[in-house]
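# Structural characterization, general
Chain residues, written in single-letter form:
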Amino acid sequence: MQPAKTTIGPCDPAEFAMQERGFEGIRELIEGSREIALCAHTSPDGDALGSVLGMEQVIRAMWPEKKVTCLLADDVPVPRILQFLDGTERMVPASACDHAPDLFMALDLSSRNRLNHGLAVMDRAGKVAVIDHHPDGDIHILTLQDAGYPERLRQIADPPPVLYVRGRLPSA
């Protein structure tokens, strides 16, 4: 007798439905905001910058009336090797952002402590959305493969493939 196969991934209908609800929550946050700040972690790599710039393009295409600011967590320019990415010239240091955005979106962020100067902007924001496998915002999605998935929950016989959470989690 062969063991039952468990499918977790883009083809799994349960996971897809949970992710869809999570993204719907993020869409609602964007639609309910006028000013949106996007930021990734300190010492950004291509994944971090690409996530911020990609989200900026999505928001500008779908909601052209929104004011979107792309922030750098540090007071240093984009690394030269990554300056070829379209939009890096529009990125500004978070320390230069002195207003409170309606929505702060952290992308590719493993810990709020890695936001450096972006942390002050996040703390002033009306709402926070974190899109990463380590949640710390008003809306987040965790899949069974994410490092931030609760280990004790992972150990049960049939752990949920996706967790959709609305609300802030305590800081680590």
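This structure is a prediction, so every number in the text was calculated from the model and none was measured.

The subject of this paragraph is the environment of Pro 101. The topology assignment puts Pro 101 in the loop between strand E3 (92–93) and strand E4 (103–107). In sequence terms Pro 101 and Leu 38 are 63 residues apart; their C-alpha atoms lie 9.8 Å from each other. The residues contacting Pro 101, other than those within four sequence positions of it, are Glu 35, Ala 37, Val 121, Arg 124, Ala 125 and Gly 126.

Now for the side chain of Asp 74. Turning to its location among the elements, Asp 74 is positioned in the loop between strand E2 (67–72) and E3. In this structure, Asp 74 is buried with no salt-bridge partner, the nearest side chain bearing the opposite charge being Arg 114 at 7.8 Å. Not counting the four nearest positions on each side in its chain, Asp 74 is found in contact with Thr 42, Ser 43, Pro 44, Pro 93, Asn 116 and His 117.

Now for the pattern of salt bridges. Evaluated as defined, the whole model comprises six salt bridges. Across the salt bridge formed by Glu 56 and Arg 90, the nearest N and O atoms sit 2.8 Å from each other. With Glu 56 in helix H2 (residues 46–62) and Arg 90 in the loop between E2 and E3, the pair connects residues that are 34 residues apart, well separated along the chain. In this structure Arg 90 comes out as partly exposed when scored by relative accessible area, which is 36%. Taken together, the shared-partner salt bridges connect Glu 56, Arg 60, Glu 89 and Arg 90 into one network.

What follows is about the nonpolar core. Among the nonpolar cores identified, the biggest contains 23 residues, and Ile 30, Leu 38, Ile 59, Met 91 and Met 105 are the most heavily contacted of them. The set of elements that each furnish at least two residues to this core consists of helix H1 (13–31), strand E1 (35–39), H2, E2 and E4. Not counting the four nearest positions on each side in its chain, Met 105 is found in contact with Ile 26, Ile 30, Ile 36, Ala 37, Leu 38, Cys 39, Met 55, Ile 59, Ala 129 and Ile 131. Judged by nonpolar contacts, the second largest core, of 15 residues, contains Cys 39, Leu 71, Ala 106 and Val 121.

Next up on the list: the pairing of E2. Most of E2 is tucked away, with five of its six residues classed as buried. Pairing of E1 with E2 involves five bridges; the strand directions are parallel. Within E2, the position partnered with Cys 39 by the bridge is Leu 71. Traced from E1 through H2 to E2, the parallel crossover comes out right-handed. Pairing geometry for E2 and E3, over two bridges, is parallel.

This part covers the state of the cysteines. Under the definition given, this model contains zero disulfides. The thiol sulfur of Cys 39 is not disulfide-bonded, and the nearest other cysteine sulfur, from Cys 97, lies at 9.3 Å. Given the relative accessible area of 0%, Cys 39 is considered buried. Sulfur of Cys 70: no disulfide; nearest cysteine sulfur belongs to Cys 39 and is 9.5 Å away.

When pLDDT is averaged along the protein chain, the result is 82; 76% of the residues meet or exceed 70. Taken as a whole, residues 3–9 scores under 50 in pLDDT and shows six contacts with residues more than four places along the chain or in a different chain.

A separate point is H2. For H2, which comprises 17 residues, the first-to-last C-alpha distance of 24 Å matches the rise-based estimate of 24 Å (1.5 Å per residue) to within 8%. Taken residue by residue, H2 has Ala 48, Leu 49, Val 52, Leu 53, Met 55, Glu 56 and Ile 59 as its buried positions. Taken down its axis, H2 places every buried residue within 155° of arc, on the same side. Away from its buried face, by an angle of more than 90 degrees, H2 presents the exposed residues Ala 61 and Met 62.

Rules and cut-offs
Residues numbered from 1 in each chain as written. Predicted model: local features only at pLDDT ≥ 70, side-chain atom pairs only at ≥ 80, totals over all residues. Heavy atoms only, no water. Helix = DSSP H or I, 4+ residues; strand = E, 2+ residues; numbered from the N terminus. Contact = heavy atoms within 4.5 Å. Buried < 20%, exposed > 50% of the residue type's maximum accessible area, 1.4 Å probe, protein only. Lys, Arg positive; Asp, Glu negative; His and termini not counted. Salt bridge = Lys/Arg side-chain N within 4 Å of Asp/Glu carboxyl O. Core = buried A, V, L, I, M, F, W, Y, C linked by side-chain atoms within 4.5 Å. Pairing = 2+ DSSP bridges. Right-handed = clockwise from strand over helix to strand, strands pointing away. Disulfide = S-S within 2.5 Å. pLDDT = per-residue confidence, 0-100. Expected span 1.5 Å × (residues − 1). Arc of directions from axis to C-beta.

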